[in-house]
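Residue-level listing of the chains:
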Amino acid sequence: MEKYLKKNFEVESKNPSEEAIRRWRSAVSVVKNPRRRFRMVADLAKRSAAEKKRHKIQEKIRIAFYVKKAAINFIDAGNRYEYKLSDETRQAGFSIDPDELASIVRGHDTNLWKQHGGVDGIARKISVSLDDGVSEKDISQRQKIYGLNRYVEKPSRGFFMFVWDALQDLTLMILIVCAAVSIGVGLATEGWPKGLYDGLGILLSIFLVVIVTAISDYKQSLQFRDLDKEKKKIMVQVTRNGYRQKLSIYDLVVGDVVHLSIGDQVPADGFFISGYSLLIDESSLSGESEPVHVDQRNPFLLSGTKVQDGSGKMLVTSVGMRTEWGRLMETLSEGGEDETPLQVKLNGVATIIGKIGLGFAVLTFLVLTVRFLVQKAVHHNFSQWSSGDALTLVNYFAISVTIIVVAVPEGLPLAVTLSLAFAMKKLMNDRALVRHLSACETMGSASCICTDKTGTLTTNHMVVDKIWISEESKGIIGSEDGNNLRSTISERVMSVFLQSIFQNTSSEVVRGKDGKHSILGSPTESALLEFGLLLGGDFDTQRRVSKIVKVEPFNSVRKKMSVLVSLSAGGYRVFCKGASEIILGICDKIVDKNGQAISLSETQIKNVTSIINGFANEALRTLCLAYKDMNETSSEESLPAEGYTLIAVVGIKDPVRPGVKEAVQTCLAAGITVRMVTGDNINTAKAIAKECGILTDDGIAIEGPDFRNKSPQEMKELLPKIQVMARSLPLDKHTLVTQLRNVFGEVVAVTGDGTNDAPALHESDIGLAMGIAGTEVAKENADVIILDDNFSTIVNVARWGRSVYINIQKFVQFQLTVNVVALMLNFLSACLSGTAPLTAVQLLWVNMIMDTLGALALATEPPNDKLMQRPPVGRGVSFITRIMWRNIIGQSIYQLVVLGVLKFDGKHLLRLSGSDADYVLNTVIFNTFVFCQVFNEINSRDMEKINVFRGMFQSWVFVGVMVATVVFQIIIVQFLGTFASTVPLNWQLWLFCVLVGFASMVVAVIVKFIPVKEGKQTFTNMHHDGYEPLPTGPELA
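Residues numbered from 1 in each chain as written. Predicted model: local features only at pLDDT ≥ 70, side-chain atom pairs only at ≥ 80, totals over all residues. Heavy atoms only, no water.

When you go through the protein chain residue by residue, the secondary structure sums to 39 helices and 26 strands. When the backbone C-alpha atoms are referred to their principal axes, the protein chain occupies close to 120 × 75 × 50 Å. Here the protein chain holds 1037 residues, and the buried ones make up 56% of them. Sequence-distant contacts in the protein chain: of pairs separated by 6 or more residues, those separated by 24 or more amount to 73%. In the structure as shown, the protein chain presents an accessible area of about 43,200 Å², 56% of it carried by carbon and sulfur atoms. In the protein chain, 111 positive and 108 negative side-chain charges are present, and the distance between their average locations comes to 4 Å. (Helix = DSSP H or I, 4+ residues; strand = E, 2+ residues; numbered from the N terminus. Buried < 20%, exposed > 50% of the residue type's maximum accessible area, 1.4 Å probe, protein only. Contact = heavy atoms within 4.5 Å. Areas by Shrake-Rupley, 256 points an atom, 1.4 Å probe, with all protein chains shown as cover. Lys, Arg positive; Asp, Glu negative; His and termini not counted. Charge placed at Lys NZ, Arg CZ, Asp CG, Glu CD.)

Written out as structure tokens, the structure reads:
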């Protein structure tokens, strides 16, 4: 089986090829209900059509971008006409038509833009201040005239659509026909109302199966819909009513002033107001990979594009479906999401079992029919046929079809979806948003986590803890230390230091609605600004003194930020801050105690390096601040790369998050290696890594430049020992992930927050983006978004991933046992006695127990701590393990023996007599069979441990399903005998059925003592299937 599955039902967890997708679909042959079975897999035809539509829109946009006005005139065939202002727009106080406003940006129409007076003129026409933004009281009016920032979405499916899907099951359709024939023949032979019972029983069973299935599927769809809404939530910074605030992208209106920074998604169409070095990636719209510079000469910003570099402010002019992105969004969800590896694998299992079941069903029908015909021939009645004979054959056919219903485990692939939906909902409550279904599944196999330091292992609440300035090192605890520092430093030094803080920053000090000042920006820059305010500096005053001419924003490659300002006294000054050793390397002077720039000697360089290392060894993030005076500058040239004067070294404290050390220990116990990859100084990284328990005595800490200069052979030898990589570039992270996956076969999870982390997130098995510090580009390339940026949440995702895998294994073990017993029981009974002990109605009830209810009970069990005390499941291991086969075979043999004895010697054993003895016996067999499944469901909660009750009562879904199953079984046997072909049982027989069912738990204990031969080990002390060996001694309890 495993070879067949690997050949036909193997797909990658991320970005599977279309060939692999088509291969497994062509291999699926026995499908009862394609509409339901394939509901949660990608629709390749729709996806292809959407792709063509998307390319068509992109082509039109590309022409608009590069051929501009002439091309637009050609495409629109002279549609460029004078827009007339509607009375409604004029009365609302606006003097430009919404469509005209949208066409300026969409067509990059510079002439029309100039005619309207540029961004200032358009701001006047849409009644907005570029400084204060939109007034809250105008929001509804703007939405009415210019529209909402929402896109056309596919309407969600109602409950009755799921009912309709459930009814598309071919076997159920056949059974409905059989029921109709049974009613017709029954009424003709047995009259009213007795003739109705058999057929009506089948119809009621079908109705119950359909309703329960539809409810389960509908609830799943609601969970996915809620998660889909969460995925689309994007927050943006805007100025409204004169205050800077965060808003949902959906709340934007025309006239909003939006602040953009690296990694942001442009939330609507609009015009550039101001900014520095704004570089926009328009590939999502135009398909062109070359980024575009946006400035006063090219002021057009399009919704859905990404900020690749720089920062700026924009004026929103078009929202929702008036943007090209709005039209593209219609096509993005078409085709659905790729199926997960487990879904595909279980489709393969269902196919194999389905073929076997179909063969047995045909054999059962043939055996029953042949025996019936032989009996008629023996009694010389072959030429005499009655409606009763026809009814018998119809019942034989119904039983055979129902065997197919039970034998084809349609619920296997759907159980994966149920389990993943449940896990994703729980993870959402635990601050992790799963963007792709397969990630939740793959995370359970993760053997390595490459994590960032800042904000993930640490709190990201930064404060300046130490400073080296005027050749002295000082500690900073509170405002008193700030005042002391100010009193001991010369005014000239303090002046240039505060200038370097307030001028060279991408953060802002803003006033909130309550009148209080707050700092908006990255944690590092916020810490510096807060320190500047503590020293008595004023952000607005400093900004007014000098005019910013040019900005080179910080990014993970440069590891520094520079700004050129024109001084009020004449001349220019460049401020630079960033990674300590990089800034120190471009300095040749230093500010002395009097504020004079003096030459930086070798001795001083060694002294400063020692200060930097001292700060770093105390787990402080170190930054150097420097400046350079210039007489003249050219805006075309990049800022100077050398000749700076060192002002100060700052040590910023970022404490380790509570619980991180314990979370790291949990990972190590679970066989998951944790590696820290950071851009920080190596000494800072080592100090934090040791505090977190990541860096051990035999581990290696390496710097990015050293790592990337290693030969492939050296890398291969080093990689298993590397625990910390400092001063790394995004390319180093990408190389590390690639090597771990391709050379060592590890399942790698990697965290990222920056735009440049996108390749590593995409390359990894599981990309984890930070929800707070992460950019929109990082989130878009991630599989899971960690909403609280906490490493402990990552460990929780791994725990739930393992839970999904184990839960599906439990369900498969349970369902295969039911399949084997139901098939063999009916087939052997048909062959040996000419009758099947389980009727169509009874088999439909059993199908519901093992399919929908079984999946609900076993596939939704929450994780336990024991899951993180075993190694991860490696790549390519058998899903149906030898331990599972042992349990399936053991239980199947017990159940078949017990039910076989009851079938052929039950009357004698139970001392049944009288006219209804056969009915009572068949009811006992049915009841015993159901209770065997109930107790086997409990057995399946743990495939190795003996104590299967541990944690059972914490899973209310499992307990609820068990109780509901038993209650309905009592009702069916005691009160619905007319429809279900049962008779009420006395308490002694009920006790017998329950005890026989309970005995399956004793059998399970005995079976678990049977040793299983170990397969090829991936880890030491580990079975081939990823489980720890069967415990002995006290652990058994």
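Consecutive side chains of a regular strand alternate in pointing toward one face of the sheet and then the other. Of all six residues in strand E1 (residues 235-240), five are buried; the element is thus mostly enclosed. In the sheet, E1 pairs with strand E2 (residues 243-248) via six bridges, with the strands oriented antiparallel. When the sheet's bridge partners are listed, valine 238 is paired in E2 with glutamine 245. Between the antiparallel neighbours E1 and E2 lie two residues, among them asparagine 241 with a positive phi of about 55°. Relative to strand E3 (residues 257-260), E1 runs antiparallel, the two sharing three bridges. Paired with glutamine 237 across the strands is histidine 259, a residue of E3. (Pairing = 2+ DSSP bridges.)

Look at the UniProt record and you will see "transmembrane region" (unreviewed entry) annotated at residues 170-189, 195-215, 352-374, 394-423, 816-836, 919-936, 956-977 and 989-1010. Secondary structure across residues 352-374 divides into 100% helix and 0% strand, with the first and last C-alpha atoms of the span separated by 33 Å. As annotated, residues 919-936 has a helix share of 100% and a strand share of 0%, and its two end C-alpha atoms lie 26 Å apart. (UniProt positions renumbered as here; feature names shortened; annotations may be inferred.)

Turning our attention to helix H18 (residues 411-429). The end-to-end C-alpha separation of H18 is 27 Å, in line with the 27 Å expected for 19 residues at 1.5 Å each. In terms of burial, H18 is largely enclosed, as 16 of its 19 residues are buried. Positive backbone phi, approximately 75°, marks arginine 431, located one or two places after H18. (Expected span 1.5 Å × (residues − 1).)

So, about the environment of leucine 368. Inspection of the secondary structure assignment puts leucine 368 in helix H16 (residues 341-378). Along the primary structure leucine 368 and lysine 345 are separated by 23 residues, whereas in three dimensions their C-alpha atoms are 34 Å apart.

Turning to a nonpolar patch on the surface, a few remarks are in order. On the surface, Val963, Val967, Phe968, Ile970, Ile971, Phe975 and Leu976 cluster together into a nonpolar patch covering about 600 Å² of accessible area. Structurally, leucine 976 can be placed in the loop between helix H37 (956-975) and helix H38 (977-980). For leucine 976, a relative accessible area of 35% translates into the label partly exposed. (Patch = residues over 30% accessible without salt bridge, like charges linked within 9 Å, V, L, I, M, F, W, Y side chains within 5 Å. Salt bridge = Lys/Arg side-chain N within 4 Å of Asp/Glu carboxyl O.)

Attention now moves to the pattern of salt bridges. If you walk through the whole model with that rule in mind, you get 26 salt bridges. Across the salt bridge formed by glutamate 525 and lysine 577, the nearest N and O atoms sit 2.7 Å from each other. With a gap of 52 residues between them, glutamate 525 in helix H22 (residues 523-534) and lysine 577 in strand E16 (residues 572-579) connect regions that are remote in the sequence. Each member of the pair, glutamate 525 as well as lysine 577, carries the same accessibility label: buried. Where glutamate 581 meets arginine 727, a salt bridge forms, and the shortest distance between an N and an O atom there is 2.3 Å. Highlighted residues: glutamate 581 in helix H24 (residues 580-585) and arginine 727 in the loop between strand E23 (722-726) and helix H30 (730-742), separated in sequence by 146 residues. Taking the relative accessible area as the measure of exposure, arginine 727 reaches 8% and is therefore buried. Residues joined by salt bridges that share partners form a network here, namely Asp452, Lys733 and Asp757.

What follows concerns the sheet that holds strand E9 (residues 448-451). Hydrogen bonds along the backbone pair up the strands of a sheet, which may run parallel or antiparallel. Pairing is mixed in the open sheet, where eight strands are placed in the order E8-E26-E25-E24-E9-E21-E23-E22. At either margin of the open sheet sits one strand with a lone partner, and together these are strand E8 (432-434) and strand E22 (700-703). For this sheet, the mean inter-axis angle between neighbouring strands, taken without regard to orientation, is 20°. Bridge analysis of E8 against strand E26 (residues 784-786) gives three bridges, and the strand direction is antiparallel. Bridge pairing in E26 links leucine 433 to isoleucine 785. (Axes fitted to C-alpha atoms, helices over the stretch in contact; angles between N-to-C directions.)

With that settled, the discussion passes to the nonpolar core. In terms of nonpolar packing, the biggest core is built from 175 residues, with Leu175, Met443, Ile766, Val784, Phe791, Ile808 and Val812 touching the most fellow members. Ranked by residue count, the leading element in this core is helix H33 (residues 791-833), at 19 residues. Of all hydrophobic cores here, the second largest spans 48 residues; its members include Val105, Val119, Ile122 and Ile273. (Core = buried A, V, L, I, M, F, W, Y, C linked by side-chain atoms within 4.5 Å.)

Take the environment of serine 400 next. Within the fold, serine 400 resides in helix H17 (residues 387-407). Given a relative accessible area of 5%, serine 400 falls into the buried group. Sequence-distant contacts of serine 400, that is, excluding residues within four places in its chain, are made with Ala361, Thr364 and Phe365.

Next up on the list: the pairing of strand E20 (residues 644-653). Along E20, nine of the 10 residues are buried, which leaves the element largely enclosed by surrounding structure. One ladder, built from six bridges, connects strand E10 (residues 463-469) with E20; its direction is antiparallel. Looking across to E20, one finds that isoleucine 467 is bridged to valine 650. Two strands pair when backbone bridges link them, and strand E17 (residues 587-591) and E20 are joined in this way by three bridges, in the parallel orientation. If you follow isoleucine 590 over to E20, its bridge partner there is leucine 646. Note that strand E19 (residues 620-630) and E20 share eight bridges and pair antiparallel. When the sheet's bridge partners are listed, threonine 622 is paired in E20 with glycine 651.

By domain assignment, the protein chain separates into domain 1 (1-42), domain 2 (43-80), domain 3 (86-151 + 233-331), domain 4 (341-414 + 800-1009), domain 5 (432-458 + 657-789) and domain 6 (466-633). Here domain 4 and domain 6 have C-alpha centroids that lie 74 Å from each other. (Domains from an automatic or database assignment.)

Where helix H36 (residues 917-939) contacts helix H39 (residues 987-1008), the two axes come as close as 8 Å, and the packing angle between them is 40°. For H36 against H39, the interelement crossing comes out right-handed. Along its contact with H36, which presents Val920, Val924, Asn927, Thr928, Phe931, Cys932, Phe935, Asn936, Ile938 and Asn939, the element H39 presents Leu989, Trp990, Phe992, Cys993, Val994, Val996, Gly997, Phe998, Ser1000, Met1001, Ala1004 and Lys1008. In terms of residue class, the contact of H36 with H39 is made up of 15 nonpolar, six polar and one charged. (Left-handed = near helix turned anticlockwise from the far one by under 90°. Nonpolar A, V, L, I, M, F, W, Y, C, P; charged D, E, K, R; others polar.)

Under the 1.5 Å per step criterion, the end-to-end length of H36 is 32 Å for 23 residues, consistent within 8% with the ideal 33 Å. The buried fraction of H36 amounts to 20 of the 23 residues, a majority that puts the element mostly inside the structure.

Turning our eyes to something else, we now look at the packing of aromatic side chains. By the definition in use, this model includes 14 aromatic pairs. Their ring planes at 75° and their centres at 5.8 Å tell us that phenylalanine 159 and tyrosine 218 sit as a pair that is edge-to-face. In this pair, phenylalanine 159 sits in helix H11 (residues 159-167) while tyrosine 218 sits in helix H13 (residues 197-231), placing the two residues 59 residues apart along the sequence. Its relative accessible area of 24% is what places phenylalanine 159 among the partly exposed residues. Connected via pairs of aromatic rings, a cluster forms that spans Phe159, Phe160, Phe162 and Tyr218. Between the NZ or CZ atom of arginine 941 and the centre of the ring of phenylalanine 958, over which it lies, the distance is 5.5 Å. (Phe/Tyr/Trp six-rings, centres within 6.5 Å; stacked < 30°, edge-to-face > 60°. Lys NZ or Arg CZ within 6 Å of the ring centre and 35° of its normal.)

The next subject is the confidence of the model for the protein chain. Note that predicted coordinates carrying low pLDDT should not be read in detail. Averaged over the protein chain, the pLDDT score is 84; the fraction of residues at 70 or greater is 93%. pLDDT under 50 marks residues 69-78. Its contacts with residues more than four places away, or in other chains, come to 12 contacts. With pLDDT under 50 throughout, residues 1017-1037 is counted as low confidence; its partners more than four residues away or in other chains account for 47 contacts. (pLDDT = per-residue confidence, 0-100.)

Below, the discussion takes up the state of the cysteines. By the definition in use, this model includes zero disulfides. Looking at the unpaired cysteine 624, the closest cysteine sulfur is the one in cysteine 587, lying at 7.0 Å. Accessibility expressed as a relative area gives 0% for cysteine 624, which makes it buried. The structure places no disulfide on cysteine 993, whose sulfur is separated from the nearest cysteine sulfur, that of cysteine 932, by 9.2 Å. (Disulfide = S-S within 2.5 Å.)

Next up on the list: the side chain of asparagine 887. Relative to the helices and strands, asparagine 887 is located in helix H35 (residues 882-910). Other than its neighbours up to four places away in sequence, asparagine 887 contacts Gln813, Met943, Val1007 and Lys1008.

Locating alanine 619 in the fold gives a position in the loop between helix H25 (602-617) and E19. As for alanine 619 and threonine 684, which are separated by 65 residues in sequence, their C-alpha atoms are 4.6 Å apart. When sequence neighbours within four positions are dropped, the list of residues in contact with alanine 619 reads Thr684, Ala687 and Ile688.

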